[in-house]
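Listed below are the residues making up each chain.
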Amino acid sequence: AERAGKWARLLSLMRAGLGTATAGAGGSSSAGGDGEPAAQRRCVLAPALAHEWALFATELAAAEAMAARGAADAASVSGGGGMAFRFVEGALVKAMAAGHWLLLDEL
């Protein structure tokens, strides 16, 4: 339950960051001459940056759905559920475990 709370906190902070980053998007750029404080000025995001934020929002929604499913599973099954990650050995680790030579050139 404690881990689920930490995931929920992390995801809520990420959602808040997303809201802060995209809140000023779409408005007109303010030069500061209108008496508006700097924190309340709106900015115009570049199309590529707006696209990246949109992708992040999609991935964050998927992570929130995964966390919600994990919390529901944890409620129905004792000791399980939550977000799960798995370590997968990469090519370097497999080669070292097999005793293969490793040439590090131009470090």
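Just above, that's the structure.
Everything numeric in this text was worked out from a predicted model, so none of it was measured.

Undergrad: Sorry if this is basic, but what is going on with the overall build of the protein here?
TA: Tallying secondary structure elements over the protein gives 3 helices and 0 strands in all. Tracing the protein from N to C terminus, the helices and strands come up as α-α-α. Classification of the 107 residues of the protein by burial places 10% in the buried group. Of the roughly 8500 Å² that the protein leaves accessible, carbon and sulfur atoms contribute 61%.

Undergrad: Before we go on, may I ask you to explain a nonpolar patch on the surface in this structure?
TA: Taken together, the side chains of Leu92, Met96, Leu102 and Leu104 present a nonpolar region at the surface, about 420 Å² in accessible area. Tracing the backbone shows Leu104 in the segment after helix 3 (91-97). Here Leu104 falls in the exposed class, since its relative accessible area comes to 55%.

Undergrad: Help me understand the pattern of salt bridges in this model?
TA: Any two side chains of opposite charge can pair if their charged atoms end up close together. One pass over the full model with this rule turns up 1 salt bridge. Ionic pairing is found between Arg15 and Glu64, a salt bridge with its closest N-O pair at 2.8 Å. Pair noted here: Arg15 is in helix 1 (residues 2-23) and Glu64 is in helix 2 (residues 47-76), with a separation of 49 residues, a long-range link. Judged by relative accessible area, Arg15 falls into the partly exposed class, the value being 32%. On the accessibility criterion, Glu64 (27% relative accessible area) is partly exposed.

Undergrad: Mind showing me how you'd approach the nonpolar core here?
TA: Side chains of nonpolar character tend, in soluble globular proteins, to be buried together. In terms of nonpolar packing, the biggest core is built from 5 residues, these being Leu11, Leu18, Leu60, Ala63 and Ala67. Elements with a minimum of two residues in this core: helix 1 and helix 2. It is helix 2 that provides the largest number of residues to this core, a total of 3 residues. Setting aside chain neighbours within four positions, we find Leu18 in contact with Trp53, Phe56, Ala57 and Leu60.

Undergrad: I keep staring at the packing of aromatic side chains and nothing clicks. Help me out?
TA: Two aromatic rings, taken as a pair, are described by how far apart their centres are and by the angle between their planes. With the rule as written, the count across this model stands at 1 aromatic pair. Plain terms: the ring middles of Trp53 and Phe56 are 5.8 Å apart, the flat faces sit at 85 degrees to each other, and that makes the pair edge-to-face. With Trp53 and Phe56 both in helix 2 and 3 residues apart, the pair spans about one turn of that helix.

Parameters at a glance
- Residues numbered from 1 in each chain as written.
- Predicted model: local features only at pLDDT ≥ 70, side-chain atom pairs only at ≥ 80, totals over all residues.
- Heavy atoms only, no water.
- Helix = DSSP H or I, 4+ residues; strand = E, 2+ residues; numbered from the N terminus.
- Buried < 20%, exposed > 50% of the residue type's maximum accessible area, 1.4 Å probe, protein only.
- Areas by Shrake-Rupley, 256 points an atom, 1.4 Å probe, with all protein chains shown as cover.
- Patch = residues over 30% accessible without salt bridge, like charges linked within 9 Å, V, L, I, M, F, W, Y side chains within 5 Å.
- Salt bridge = Lys/Arg side-chain N within 4 Å of Asp/Glu carboxyl O.
- Core = buried A, V, L, I, M, F, W, Y, C linked by side-chain atoms within 4.5 Å.
- Contact = heavy atoms within 4.5 Å.
- Phe/Tyr/Trp six-rings, centres within 6.5 Å; stacked < 30°, edge-to-face > 60°.

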